[in-house]
Amino acid sequence: MDFDLAKKHSKEYEQRRKDAKRKLDQQKRDDEQRSIMEKDQRVRDEVRQRAEDEARRKAAQEVLLNDGVRYIARLRPYPSTRTDDKLELPPSALEDLEQQGAIERGTLLTFAVSVPSSSSGSSPARTHAGVAEFTAEEGTVGVPPRVALCLTKGSGLDSLAAVDQVEVRYFRLPRSSKSRVKLQPRGEGFHVSGMKTAHIDLQHVLQETLRGHTALTEGDWLPIRHDGYTYELMVRELEPEPYLALLDTDLTVEVLPSEKTEAELRAEEEKKAREEAATHEAEERERLRLNRARAKALLLGPEPEAAADLVQIMVRLPSGGRLSRRFKRDTAFEQVLDWVESEPDSRVTSEEFRLVQKWPGHCRELGPPEAGQELGKLNFARQEALFLQHLKSAATEMGGAEDMEGVTEEQAPERAAPPSLVPAGGGEWAAAEERAHEALDRRLDGRPDTPTAALKEGKFEELKGAELVSVFDRLRALGMPPAEAAATAKKYAAQLKELGEMGFEDWITAARLLDKYNGRLSRVANLLSEGGGAEFDDFPMAPVAPRAAPAPVAFAAPVPEPAQQQRPQASTVAGASAAAGIDKERVAAKFRELLAAGVQPNDAAGQAIQHVRHEMAAEAASDPSSDRDEVMPPAEDPGKLAELASMGFGDEDRNRVLLRKYGGRMERVIEALCS
C-alpha cells in the first residue's frame with residue numbers, strides 16, 4: 001500500500017515538474033516573441049519617424065526655396081486643348097497663392113506636376129508647368145497635351161483617363177540668362193515610316209513649339225509637328241539645372257542622333273570592340289603557339305637518315321600544304337603529334353587536332369589516346385599519308401554564325417513606331433491632342449491662330465442698334481448702374497442674349513460669371529444650371545422706383561427673326577413699350593391680345609408697339625385741333641433728355657448733339673453713348 005502511494009506521489013511530482021517546465025518554456029517563447037515584436041515595432045517607428053523628419057525637412061527646404069509659399073493639391077485631370085504647357089487651376093488655388101503673397105511678388109508661377117506613385121513602387125512621372133488661368137472646376141485641373149505626354153510617356157495620353165488624381169505643387173523654377181538643352185529624336189527620328197527623310201526647318205518648328213512655354217525638365221518628351229506628322233523629342237540634358245524656367249533665357253539647342261541611330265552606333269562600337277578583343281586574343285594565342293612549337297621542335301631532335309626500317313609520314317594540311325618527316329618504327333605516336341604541333345604552318349595546339357588515316361573503306365582518327373603506342377603497332381606502312389583535322393574549326397564556324405545571329409537579335413535597336421498622322425486612341429485626351437495639333441499646325445503654316453476659348457465656344461455675332469440697347473435697358477431694369485450696364489452690354493450682349501434664350505433670367509449674376517470665366521458661355525451656362533453664382537448674391541441692386549417724370553423713353557426693338565426668339569420677359573415688354581409719347585396701357589393690352597392669339601412673345605411685343613404707334617399717329621393726323629407748330633425738334637425734346645439723364649448719361653450738351661445727329665433715334669444715341 002505504501003509502495004503504491006509512493007509510486008503515485010512520484011508520478012504526480014514528475015507530472016508537476018513537466019508542467020512547470022512546459023510553462024517555463026512557453027513563457028520564454030512568449031518573451032522572445034514579444035521581444036522580437038517590440039524590436040520590429042521600434043524599427044518601424046524609427047523608419048516612420050525618419051520618413052516624417054525627411055518629409056518635414058523637404059517641406060521646410062521647399063518653402064525656403066519658394067520664398068515661404070507652399071501649395072500642394074491632388075486634383076482630377078481633364079484634357080485641355082492648349083498648345084503650351086500651362087495648366088488651368090481652380091479659383092481656390094489663386095486664393096491660396098494670394099493669401100501667401102505669391103501674386104503680389106509678381107514672380108512667374110510654376111508648378112511641379114506628377115502622377116502619384118503606384119502600388120508597384122515605380123517612381124512617379126514628373127514634369128513642370130506654368131498656369132494659364134484659374135477657371136477650372138474645384139477639384140480639377142486642365143492639363144494640356146504637352147504636359148500629359150510628359151506624364152504618360154509611351155503609355156499614351158488616354159492612360160490619364162484611368163488616373164484619378166495628379167499632384168500639383170507650387171515650385172519656383174530657377175532661371176538663367178543662358179541655358180543649353182540636348183534634344184534626342186525618339187525612334188527613327190525624322191523619318192516617315194522609317195524610309196522617307198523629313199526635311200524640317202527645325203529652328204522655326206522649335207521656336208513655334210516652345211512659344212509660350214513656361215518650363216523645361218530633363219526627361220520631358222517634346223512633340224513637334226511637320227506636314228501633319230508628330231515627331232517626339234526627348235530632353236536628354238539641360239544646363240545649368242535639370243529643370244529651368246523658359247523666361248528671359250538665351251536657349252542653345254543641340255540635336256543628338258535619334259534613338260535608333262544611337263543604338264546602331266552603340267552596336268557598331270560594341271562589335272568593333274569585340275573584334276579588336278578577338279584579334280588581340282588571337283595574336284596572343286598565336287604567340288604562345290609559336291613559343292610552344294619552337295620548344296617542341298628542340299625536343300624532337302634531328303630527323304633520322306633514310307633507312308629500310310623507317311616510316312615516312314606525310315601530313316596534308318587544310319590549307320593545301322604538306323608536312324613530311326621520317327620516324328623510326330618503334331617511335332611513339334606522341335612524337336608525331338609533337339612534330340605536327342612544332343610546325344608553324346600547322347597552326348595547331350595540343351588537344352585541338354587529330355590525324356586522320358583514310359582510304360576507301362577505311363577511316364581512323366589518331367590522337368592523344370594513341371600517343372603511347374608505337375608506329376609499328378599502329379600498323380603504319382613505310383609510307384603513310386595522314387590528314388590534319390582541326391577539332392575546333394567546324395565548331396568555331398558554327399559558333400561564329402550563332403554569335404552573329406545573337407548580335408543581330410539582341411543588339412539590333414528597337415524599332416519605334418513611325419510618326420503618326422493622327423493621335424492614337426479615340427478618347428477625349430486624344431481628341432484634345434488633335435485639336436492642339438491643329439492649332440499648332442496653323443501657327444507653323446503662318447495661318448491665323450484660333451484662341452482656345454473660341455475653339456470651345458464658337459464665335460458670337462456682335463449686337464448693334466436696337467438689340468444692344470435692349471440688353472442695356474434690361475441690365476438697367478435689373479438694377480445695374482448705368483455706366484457698368486453700358487460696358488457690360490457692349491462686352492457681353494451676345495452671350496447675355498444667348499443665356500436669355502436658354503431661360504436664364506438673372507443677367508446680373510450671368511454678367512459677373514462671364515467676367516470671371518472670360519466670356520466662356522458653356523462654363524457660365526453649366527454653373528447657372530447647377531445653381532452657381534451664389535457668391536454674387538450680395539450684388540448691390542439699385543432700387544427700381546417709379547419715375548415721376550413723363551413715361552420713360554425706351555427703345556422698341558425690331559421684330560426678331562424666329563432664330564432670335566426669347567422667353568417672355570416682363571421687363572422686355574415694359575422696356576419696348578416705353579417709347580416717347582406712347583400709351584403703355586394700350587401696348588400692354590395689345591400685347592396680351594396677341595399672346596392669346598398664339599403670337600410668340602417677342603413678335604407680340606414688337607407688333608403691339610407698332611400697332612399702337614400707328615393708331616396714335618392716325619389719331620393725331622385726324623385731330624384738327626392739334627397744333628403741329630408746337631412740336632419740338634428731337635434735340636429739344638425734354639422727355640428724351642430726361643430719359644438719358646435718368647440712365648446715367650448726364651452730359652446734356654453731348655446728348656443734344658447726338659439727338660440732332662441721329663434725328664432723335666434713341667437706340668442709336670444709346671449705342672453711341674455705350675461705346
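What you see is a predicted model, and the numbers here were worked out from it, not measured in a lab.

Colleague: How would you explain the overall build of the chain if you had to name every residue and give the values?
Modeller: Helix and strand counts for the chain stand at 19 helices and 19 strands. Considering the chain as a whole, with its 675 residues, one finds that 37% of them fall into the buried category. Within the chain, residue pairs in contact and separated by at least 24 positions form 70% of the contacts whose partners lie at least 6 positions apart.

Colleague: I'd like a description of the nonpolar core, backed by residues and values.
Modeller: If you look at the biggest cluster of nonpolar residues, it comprises 40 residues, and the most contacted ones within it are Val-471, Phe-472, Leu-475, Leu-496, Leu-499 and Leu-644. The set of elements that each furnish at least two residues to this core consists of helix H10 (465–477), helix H11 (482–502), helix H12 (507–516), helix H13 (521–529), helix H17 (638–646), helix H18 (652–661) and helix H19 (666–674). If one sorts the elements of this core by residue count, H11 sits on top with eight residues. Here Leu-644 is in contact with Phe-649, Asn-655, Leu-659, Met-666, Val-669, Ile-670 and Leu-673, once residues within four sequence places are set aside.

Colleague: Describe in detail the confidence of the model for the chain, supporting the description with residues and values.
Modeller: When pLDDT is averaged along the chain, the result is 75, and 76% of the positions lie at 70 or above. The model gives residues 450–456 a pLDDT under 50, and that stretch makes nine contacts with residues more than four places away or in other chains. Confidence over residues 537–581 falls short of pLDDT 50; this stretch has 81 contacts with residues more than four positions distant or in other chains.

Colleague: Can you explain the environment of Arg-186? Please cite residues and give values.
Modeller: Inspection of the secondary structure assignment puts Arg-186 in the loop between strand S7 (178–185) and strand S8 (191–192). Of the residues examined, Arg-186 reaches a relative accessible area of 25% and is grouped as partly exposed. Along the primary structure Arg-186 and Lys-260 are separated by 74 residues, whereas in three dimensions their C-alpha atoms are 7.7 Å apart. Apart from residues lying up to four places away in sequence, Arg-186 is in contact with Trp-221, Glu-232, Met-234 and Glu-259. A distance of 2.7 Å separates the side chain of Arg-186 from the side chain of Glu-232, its partner in a polar contact.

Colleague: Summarise the pairing of S7; cite the residues concerned and give the values.
Modeller: With six bridges joining them, S7 and strand S14 (residues 250–255) adopt parallel strand pairing. Its bridge partner being in S14, Lys-182 is matched across the sheet by Glu-254. Across six bridges, S7 lies against strand S12 (residues 229–239) in antiparallel orientation. Among the inter-strand pairings, Arg-180 is bridged to a residue of S12, identified as Glu-239.

Colleague: Could you give an account of the side chain of Arg-82, with specific residues and numbers?
Modeller: Assignment of secondary structure puts Arg-82 in the loop between strand S1 (72–79) and strand S2 (86–88). Only 2.9 Å separates the side chain of Arg-82 from the side chain of Asp-84, close enough to count as a polar contact.

Colleague: Describe the sheet that holds strand S18 (residues 362–366), and please don't skip the residues or the numbers.
Modeller: Strand order in the open sheet made by the five strands is S16-S15-S19-S17-S18, with mixed pairing throughout. Whereas interior strands pair on both sides, the edge strands pair on one side only; in this sheet they are strand S16 (322–328) and S18. Adjacent strand axes in the sheet meet at a mean angle of 30 degrees, parallel and antiparallel pairs treated alike. As paired strands, strand S15 (residues 310–316) and strand S19 (residues 383–390) are joined by five bridges and run parallel to one another. Directly across from Gln-312, in S19, lies its bridge partner Gln-383.

Colleague: Residue-level account of the packing of aromatic side chains, with values.
Modeller: Applying the stated criterion across every chain, the model contains five aromatic pairs. For the pair Phe-111 and Tyr-170, a centre-to-centre distance of 5.8 Å together with 80 degrees between the ring planes defines the contact as edge-to-face. Taken together, the positions of Phe-111 in strand S3 (residues 111–114) and Tyr-170 in strand S6 (residues 166–170) put the pair 59 residues apart, joining distant regions of the chain. The burial state of Phe-111 is the same as that of Tyr-170; both residues are buried. With 5.4 Å between their ring centres and 85 degrees between their planes, Phe-171 and Tyr-243 make a pair best called edge-to-face. Linking Phe-171 in the loop between S6 and S7 with Tyr-243 in strand S13 (residues 243–245), this pair joins segments that are 72 residues apart in sequence. For Phe-171, a relative accessible area of 12% translates into the label buried. Chaining the aromatic ring pairs together yields one cluster made of Tyr-71, Phe-111 and Tyr-170. Positioned over the ring face of Phe-171 is Arg-126, at 5.7 Å from the centre of the ring. For the cation-ring pair, Arg-474 lies above Trp-507, with the distance from its terminal atom to the ring centre recorded as 4.8 Å.

Colleague: Summarise the pattern of salt bridges; cite the residues concerned and give the values.
Modeller: Pairing between side chains becomes possible if they bear opposite charge and their charged atoms approach one another. Using the criterion set out here, one finds 25 salt bridges in the structure. Note that Arg-74 is salt-bridged to Glu-167, the shortest N-O span being 3.6 Å. One end of the pair, Arg-74, is in strand S1; the other, Glu-167, is in strand S6, and 93 residues separate them in sequence. What makes Glu-167 buried here is its relative accessible area of 15%. Here Arg-289 and Glu-286 are joined by a salt bridge, their closest N and O atoms 2.7 Å apart.

The rules we used
- Residues numbered from 1 in each chain as written.
- Predicted model: local features only at pLDDT ≥ 70, side-chain atom pairs only at ≥ 80, totals over all residues.
- Heavy atoms only, no water.
- Helix = DSSP H or I, 4+ residues; strand = E, 2+ residues; numbered from the N terminus.
- Buried < 20%, exposed > 50% of the residue type's maximum accessible area, 1.4 Å probe, protein only.
- Contact = heavy atoms within 4.5 Å.
- Core = buried A, V, L, I, M, F, W, Y, C linked by side-chain atoms within 4.5 Å.
- pLDDT = per-residue confidence, 0-100.
- Polar contact = N/O pair within 3.5 Å; in protein donor to acceptor, adjacent residues only side chain to side chain.
- Pairing = 2+ DSSP bridges.
- Axes fitted to C-alpha atoms, helices over the stretch in contact; angles between N-to-C directions.
- Phe/Tyr/Trp six-rings, centres within 6.5 Å; stacked < 30°, edge-to-face > 60°.
- Lys NZ or Arg CZ within 6 Å of the ring centre and 35° of its normal.
- Salt bridge = Lys/Arg side-chain N within 4 Å of Asp/Glu carboxyl O.

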